[in-house]
Amino acid sequence: MVRFIHASDLHLGAAFEGIWATSPEVAEVLARSTYDALDAIVKLARDESAAFVLLAGDTCNRAEGNLRAHLALRKAARELQESGIALFIVFGNHDYLAPGRPDLDWPENCTVFGSDASEPVIVSTDAGEAAVFGLSYGRRDEKQNLALRYPAPPGDLFSIGLLHTACGPVSGHASYAPCTVEDLVARGYDYWALGHVHARAVLRPSSPAIAYPGNPQGLNPNETGPRGCLLVSVDDRKNPTIEFRETDAVRWCIEDVDITGMQRDQDLQDALEARLTELQGHGRPSLVRFRLVGRGPLHRLTSATSDLSDFEEHLRASGSGAHPIVWTESIRVLTQPDMDMEARRQSEDLLGDFLRIADDLRSSDERIAELAAKLAGEAKKPLQEIGLDAAWIGPERVREWLAQAEWMGADRLIRAED
Ligand SMILES: [Mn+2]
């Protein structure tokens, strides 16, 4: 049985710039987290006696000016070599083969694929041989379908294609080296080790297996839950068994807190603190985005921006000195005022009209996406000035704003009625 590890999108050296300003002790833990995840991959490879490790691109966050990341990667390659484990690397859109990238010697067990036609590397293990093919990006915005350049595999060996690609329609990721599942199936390989998409996904379980392991360490508030790599065991009939293994050092999570039934400010504070204590019990640093939901009198408090940031600051101060750290990334408000909105939505008056228009807009994915694109276009420059990408404005955020606008508008119309 051949056994190997498939990982991608480590983004070694990701900087988490926004967090340094507010919470340097948290930013420090985060800045270390991608390196910790690499250590966890090396340890897993040893513990599981893997024959080789595949890194499917965006291992380093930047191609240039990121020497620390490249040195860490080479250190990992040397550690694997000491344990007799081979390493295969392709570079992606973040760590493409830029002329100014660090020029380092790699140990013998390590294959870094170039951007030209790929020759397979045959890796021999106690359990048999496998052939590994790969192509690195020669440029950041690779728009060619690289999958089509992978040659026919040698028939008898278990053959693996290592590729950084946007396979099929992917959302939330740039369409680099786009290909389809059908393109990959047609190449005749046994396993496609993909990278680029940060969410774990097994697109096909076998003949060929096609998988994204997701990133080994979550990088932002939307990359929630356990993160890691894939441990793949292949039997003598070339059937792979794919298992997920956690490698993340820090975990992002979204916690919904329901204000329904709460009467006092203290009730909310107790609920938030109880949730932080619970997370701390998990024994790993947690970065939390709270979403306040439900309906009740506390809506007035949660919709007052200054009160909310006081809450945020209080929770951050109490959590960031703790061990392990439990840090409040933000508190998002999705609460509703204390009234029967459904009844009001049916009524034939100005408030009813307003609520129905809001509801129509909210229930159309297409119009939400349109609105997000429009706002992202308008706000591109100011966002850049504070170091944010236009993609920061996505459908999820627009839905939040719409919900807030709906309740604010309803609140004012009701007060005007009174
Ligand atoms: Mn990528």
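Just so it is clear, the structure is predicted and the values come from calculations on it, not from any experiment.

1. With respect to the nonpolar core
Formed by 96 residues in total, the largest nonpolar core has its most connected members in Ile 5, Ile 41, Phe 52, Val 53, Leu 54, Leu 87 and Leu 162. Looking at which element gives the most residues to this core, the answer is helix H2 (residues 24-47), with 11 residues. Of the residues that make up this core, three or more belong to each of domain 1 (2-246) and domain 2 (251-417). Not counting chain neighbours up to four residues away, the residues in contact with Leu 162 comprise Leu 54, Ala 56, Phe 88, Val 90, Val 132, Phe 133, Gly 134 and Ala 193.

2. Notes on the packing of helix H9 (residues 350-362) against helix H12 (residues 395-417)
Where H9 contacts H12, the two axes come as close as 10 Å, and the packing angle between them is 175 degrees. It follows from the interaxial angle that H9 and H12 lie roughly antiparallel. Seen from H9, the contacting residues are Leu 350, Leu 351, Phe 354, Leu 355, Ala 358, Leu 361 and Arg 362; seen from H12, they are Arg 399, Leu 402, Glu 406, Gly 409, Ala 410, Leu 413 and Ile 414. Considering only residue class, the contact of H9 with H12 consists of 10 nonpolar, 1 polar and 3 charged.

3. Regarding the domain arrangement of the protein chain
Accessible area lost upon the coming together of the parts serves often as the stated size of an interface. Examined at the domain level, the protein chain breaks down into domain 1 (2-246) and domain 2 (251-417). Listed as interface residues are 10 residues of domain 1 and, on the opposing side, 12 residues of domain 2. Only helix H1 (17-22) and H2 provide two or more residues apiece to the side of domain 1 that touches domain 2. Of the residues assigned to the side of domain 1 that touches domain 2, the class counts are 3 nonpolar, 4 polar and 3 charged.

4. Overview of the sheet that holds strand S4 (residues 110-112)
The mixed open sheet is built from 6 strands, whose spatial order is S4-S3-S2-S1-S11-S12. The sheet is open, and its two edges are formed by S4 and strand S12 (240-246), each paired on a single side. Pairs of neighbouring strands in the sheet enclose a mean axial angle of 20 degrees, with direction left out of account. Where strand S1 (residues 2-7) and strand S11 (residues 228-234) come together, 5 bridges link them in antiparallel fashion. If you follow Arg 3 over to S11, its bridge partner there is Ser 233. Packed on one face of the sheet, H2 meets S1, strand S2 (52-56), S11 and S12 and runs near 170 degrees to S1.

5. Some points on the sheet that holds strand S7 (residues 158-164)
Strand order in the open sheet made by the 6 strands is S5-S6-S7-S8-S10-S9, with mixed pairing throughout. Taken across any chain shown, the strands that pair with only one partner, and hence form the sheet edges, are strand S5 (121-125) and strand S9 (201-204). Going across the sheet, the axis of each strand differs from the next one's by a mean of 20 degrees, ignoring polarity. Here 5 bridges tie strand S6 (residues 128-134) to S7, and the two strands are oriented parallel to one another.

6. So, the environment of Gly 155
Among the structural elements, Gly 155 can be located in the loop between S6 and S7. Expressed as a C-alpha distance, the spacing of Gly 155 and Tyr 189, which sit 34 residues apart in the sequence, is 8.9 Å.

7. What about unusual backbone geometry?
With omega at -15 degrees, the peptide bond leading from Ser 207 into Pro 208 counts as cis. Despite not being glycine, Ser 207 has its phi angle at roughly 35 degrees, a positive value. Here Ser 207 lies in the loop between S9 and strand S10 (209-212).

8. A closer look at helix H3 (residues 67-82)
In this model H3 runs 23 Å from its N-terminal to its C-terminal C-alpha over 16 residues, within 8% of the 22 Å that 1.5 Å per residue would give. Taken together, the buried positions of H3 are occupied by Ala 69, His 70, Ala 72, Leu 73, Ala 76, Ala 77 and Leu 80. End-on view of H3: buried residues confined to an arc of 160 degrees, all on one side of the axis. For H3, the elements touching its buried residues are H2, S2, strand S3 (86-90) and S4.

Definitions and cut-offs
Residues numbered from 1 in each chain as written. Predicted model: local features only at pLDDT ≥ 70, side-chain atom pairs only at ≥ 80, totals over all residues. Core = buried A, V, L, I, M, F, W, Y, C linked by C-beta atoms within 7 Å. Buried ≥ 20, exposed ≤ 12 C-beta atoms within 10 Å, placed from the backbone. Helix = DSSP H or I, 4+ residues; strand = E, 2+ residues; numbered from the N terminus. Domains from an automatic or database assignment. Contact = placed C-beta atoms within 7 Å. Axes fitted to C-alpha atoms, helices over the stretch in contact; angles between N-to-C directions. Parallel < 35°, antiparallel > 145°, perpendicular 65-115°, else oblique. Nonpolar A, V, L, I, M, F, W, Y, C, P; charged D, E, K, R; others polar. Pairing = 2+ DSSP bridges. Expected span 1.5 Å × (residues − 1). Arc of directions from axis to C-beta.

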